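Chains, contacts and geometry: an overview
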Amino acid sequence: TKEPVSDVKVKLTKLTLNADGQQVPGKPKEKVGSVVIEVDMLDSEKVAGRTAAAKLDRKGAAALSFDKAYDGAPESKLGKAFAKAQESAEEEDSEVQFVVYSHDKDGNDVELGMARCSLERIVNKNKDHEGALEVRSSKGVVLGELTCSVAALAAFGKKDDVKVKLTKLTLNADGQQV
């Protein structure tokens, strides 16, 4: 089956937290053991997608396996949200937000920080995102990086106009095409 070209694809592969990022906020003696990442796709879903809990290794890295396609067709919730975001002067209105949570043994989540990827910037640069995004705390401190890809050009990129070149047209005396 051929996939529709209106999908926005998000793939998360790795999270690396630095020393600051490995501390649980408000609990100076507690290190982050596992993380969960929530993907906020312009508030287009009732419940945002989440990764499975991923354990940090000794270097603060966690392998992630999140790979999801979002419907970006013009009539979809995401398509409408992106159209509305493009009308806004704020680029952040078009940002996919990756919220990083510390996930403890009891299943409690504490927000560590967030990485962001602007769909508007992808369209303006005419290039899908592939690589690292900074994860920052609410105070703007860099906590690490999230390695991911966000492919939105197929859904939201500028579509090339189809051009037809007429090379020869022959008409008879009555003006009918021959």
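Residues numbered from 1 in each chain as written. Predicted model: local features only at pLDDT ≥ 70, side-chain atom pairs only at ≥ 80, totals over all residues. Heavy atoms only, no water.

Side note on the layout of surface pockets
The criterion, for reference: With a 1 Å grid laid over protein atoms only, a set of points is called a cavity when a 1.4 Å probe fits there but cannot get out and a pocket when it is open yet has protein on both sides within 12 Å along at least five of seven lines; lining residues have an atom within 4 Å of a point. Grid points are joined across faces, edges and corners, and a volume is the space filled by probe spheres set on the points. Elements are defined by DSSP. Helices are runs of H or I of four residues or more, strands are runs of E of two residues or more, and each kind is numbered from the N terminus. Think of it as three bins: nonpolar holds Ala, Val, Leu, Ile, Met, Phe, Trp, Tyr, Cys and Pro, charged holds Asp, Glu, Lys and Arg, and polar takes everything else, Gly as well.
Of the voids in this model, the largest pocket is the one considered here, and its volume is about 450 Å³. What lines the largest pocket is a set of 22 residues, among which Arg116, Cys117, Ser118, Arg121 and Leu133 lie closest to the centre. Elements represented by at least two residues in the lining of the largest pocket include exactly β9 (109-118), α2 (119-125) and β10 (129-136). Per-element tally for the lining of the largest pocket: the top contributor is β9, with seven residues. A breakdown of the residues in the lining of the largest pocket according to their chemical character gives five nonpolar, six polar and 11 charged. Size it by volume and the second largest pocket reaches roughly 250 Å³. The dominant element in the lining of the second largest pocket, judged by the number of residues it contributes, is β9, at three residues.

Comments concerning unusual backbone geometry
This is how it is decided: For each residue, the accessible area found with a 1.4 Å probe, counting protein chains only, is set against the maximum for its type, and the residue is called buried under 20%, exposed over 50%, and partly exposed in between.
Of note in this structure, Leu42 is not a glycine but carries a positive phi near 55 degrees. Positionally, Leu42 belongs in the loop between β4 (34-41) and β5 (49-50). For Leu42, a relative accessible area of 11% translates into the label buried. In the Ramachandran plot, Asp43 falls in the positive-phi region, its phi being about 55 degrees despite a non-glycine side chain. Inspection of the secondary structure puts Asp43 in the loop between β4 and β5.

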